[in-house]
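Structure assessment
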Amino acid sequence: MTHNFRLLMKFGLGLFLAGSASLMLVGCDKAPSRNSVSASQDHLARIKSSGELKVGLEGDWQPFSFHNEKDQLVGYDVEVAQNLAKKLGVKAKIVEGPWDGLFAGMDTGRYDLVINGVDVTPDRAKTYDFSTPYAYDRTVLITRSDNNDIHSFNDLKGKTTANSIGSTYQEIGEKYGAKVSGVDTLAETLQMVKNKQVQATINASTSYGDYMKHRPDEPLKIAATMDKVTEYAIPMKKGEDNASLKKAIDNALQEMKNDGTLSKLSVKYFGADLTKPN
């Protein structure tokens, strides 16, 4: 009797556990996890669900993004990001990082977008979709005022330059045959030119103009300007996941053009309206 009773108990316990497991599985089918629901949403829906738009930018490229005398993060791209987030119905969470890590940060999901005066290039367009342009600029070649050897980009062959690692400006220098030193900021590149550590640097006309506005006595000059207009746009990863986000960003930028917001921000930070091709 004792032996049979024990067998009966074991058999009953097994049936109970099996039934419980079945109920748990049925429960899982009826109540999908929060993560699985999130995975079914596209990028724009996930941004709205989280309540914030994570934006990556440098934070030390005046006047696009920089810290003012109160150490507040300000700049054209900062306010563009804040206005875009507002139009999406969320808050902007701006994260500063070095230029050479911004795209990787977006690829891994640390940032939803990179808003950092990114110019549209054929190589970048292979990997990323771009918004409509939100500003236009020119690329300039900068030397010391007493440099008489460099008058055009073609004169860079065999010369030394300094630029941000992985930037379009570094690529231009290498394309024209210069030996390029990689540094982090515009100020560093210009300092190296002044100190004759390198012979030239390449950058945005707007950034150089802003730098000289605050330091008019610096021994620097523009030796050449590229004919092609630089288009600044907002990159995002290619794919259906970002289709609605791209449309929403384009619509928001168009609204900011129509209501004058972009023009006002451009004049505020660049001293001119750069929202139209020149």
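Structural notes, computed from the coordinates. (Residues numbered from 1 in each chain as written. Predicted model: local features only at pLDDT ≥ 70, side-chain atom pairs only at ≥ 80, totals over all residues. Heavy atoms only, no water.)

1. A few points about the overall build of the protein
For the record, the criterion: Only DSSP runs of H or I reaching four residues or more are called helices, and only runs of E reaching two or more are called strands; each is numbered from the N terminus. Only protein chains enter the accessibility calculation, which uses a 1.4 Å probe; a residue whose area is less than 20% of its type maximum is buried, one above 50% is exposed, and one in between is partly exposed. Between two residues, a contact is recorded if the distance between any of their heavy atoms is within 4.5 Å. The Shrake-Rupley method, run with a 1.4 Å probe sphere, supplies the accessible areas, and residue values consider only the shown protein chains as cover.
The helix and strand tally for the protein stands at 11 helices and 12 strands. By the burial criterion, 45% of the 278 residues in the protein qualify as buried. Put simply, of all contacts in the protein between residues at least 6 apart along the chain, 70% involve residues at least 24 apart. On the protein, roughly 14,900 Å² of surface is accessible, and the fraction owed to carbon and sulfur atoms is 53%.

2. Description of a negative patch on the surface
In plain terms, the rule: In this scheme, patches are assembled from residues that exceed 30% relative accessible area and form no salt bridge. Like charges are connected within 9 Å, while nonpolar side chains (Val, Leu, Ile, Met, Phe, Trp, Tyr) are connected within 5 Å. The term salt bridge refers to a pairing of a side-chain nitrogen on Lys or Arg with a carboxyl oxygen on Asp or Glu at a separation within 4 Å. The charged-residue count follows a simple rule in which Lys and Arg add positive charge and Asp and Glu add negative charge, with His and chain termini not counted at all. By convention, the charge on Lys lies at NZ, on Arg at CZ, on Asp at CG and on Glu at CD.
A surface patch of negative charge is lined by Asp 60, Asp 71, Glu 96, Asp 100, Asp 184 and Glu 188. Checked against the element boundaries, Glu 188 lands in helix 8 (residues 186-194). A relative accessible area of 34% means that Glu 188 is categorised as partly exposed.

3. Notes on the pattern of salt bridges
The final tally for this structure, using the stated rule, is 12 salt bridges. In this structure, Asp 210 engages Lys 213 in a salt bridge whose closest nitrogen and oxygen atoms are separated by 3.8 Å. Remark: Lys 213 and Asp 210 occur in helix 9 (residues 205-214); sequence separation between them is 3 residues, near one turn of the helix. For Asp 210, a relative accessible area of 8% gives the class buried. A residue is classified by how much of its surface remains accessible, and Lys 213, at 56% relative accessible area, is exposed. For the salt bridge of Lys 246 with Asp 250, the shortest nitrogen-to-oxygen distance reads 2.8 Å. With Lys 246 and Asp 250 both in helix 10 (residues 243-258) and 4 residues apart, this pair spans about one turn of that helix.

4. Comments concerning the sheet that holds strand 7 (residues 135-144)
For clarity, the cut-off: Here, strands pair whenever DSSP counts at least two bridges between them. Note on method: axes are straight lines fitted to C-alpha atoms, helices fitted across the in-contact stretch only, with angles between N-to-C directions ranging 0 to 180 degrees.
Taken in spatial order, the 5 strands of this open sheet run 9-8-10-7-11, and their pairing is mixed. A strand with exactly one partner marks an edge of an open sheet, and here the two such strands are strand 9 (179-183) and strand 11 (220-232). Between one strand axis and the next, the sheet turns by 25 degrees as a mean value, whatever way the strands run. In this structure, strand 8 (residues 160-164) lies alongside strand 10 (residues 200-204), joined through 2 bridges in parallel fashion. From the neighbouring strand, Thr 161 faces strand 10, where its bridge partner is Ala 200.

5. Considerations on the pairing of strand 7
Summarising burial for strand 7: 9 of the 10 residues are buried, a large majority. Judged from the 9 bridges that link them, strand 7 and strand 11 form a sheet pairing that is antiparallel. Each residue of the ladder has a partner; that of Tyr 136, found in strand 11, is Glu 231. Bridge analysis of strand 7 against strand 10 gives 4 bridges, and the strand direction is antiparallel. Note on strand 10: the bridge partner recorded for Leu 141 is Ile 202.

6. Here's the deal with unusual backbone geometry
The omega torsion across Gln 62 and Pro 63 is 5 degrees, close enough to zero to call that bond cis. Structurally, the position occupied by Pro 63 is in the loop between strand 1 (52-57) and strand 2 (66-67). Positive phi is not limited to glycine here, since Asp 71 has a value of about 65 degrees. Structurally, Asp 71 can be placed in the loop between strand 2 and strand 3 (73-74). With relative accessibility at 56%, the residue Asp 71 sits in the exposed group. You will see that Lys 196, though not glycine, has its phi angle at about 65 degrees, which is positive. With respect to the helices, strands and loops of the structure, Lys 196 is situated in the loop between helix 8 and strand 10. Assessed through its relative accessible area of 59%, Lys 196 is described here as exposed.

7. Focus on the packing of aromatic side chains
Our working rule: Only the six-membered ring of Trp is used, alongside the rings of Phe and Tyr, when aromatic pairs are assigned; centres must lie within 6.5 Å, and planes under 30 degrees apart are stacked while those over 60 apart are edge-to-face, with the rest tilted. Only when the NZ of Lys or the CZ of Arg is both within 6 Å of the ring centre and within 35 degrees of the ring normal is a charge said to sit over the ring.
For the structure shown, the criterion picks out 9 aromatic pairs. Seen from their ring centres, Phe 153 and Tyr 176 are 5.6 Å apart, and the 40 degrees between their planes marks the pair as tilted. Separated by 23 residues along the polypeptide, Phe 153 in the loop between strand 7 and strand 8 and Tyr 176 in the loop between helix 7 (168-175) and strand 9 bring together distant segments of the chain. We classify Phe 153 as buried; its relative accessible area is 7%. Just above the ring of Tyr 211 sits the side chain of Arg 215; from NZ or CZ to the centre is 4.0 Å.

8. Brief notes about the nonpolar core
Using the following cut-off: Residues grouped as a nonpolar core are buried Ala, Val, Leu, Ile, Met, Phe, Trp, Tyr and Cys residues, joined through side-chain atoms within 4.5 Å.
Membership of the largest hydrophobic core comes to 59 residues, with the highest contact counts inside it found for Tyr 76, Leu 84, Ile 115, Tyr 134, Leu 141 and Ile 249. In this structure, Leu 141 is in contact with Ile 150, Ser 152, Phe 153, Leu 156, Ala 200, Thr 201, Ile 202, Lys 221, Ile 222, Ala 223 and Ala 224, ignoring residues within four places of it in sequence.

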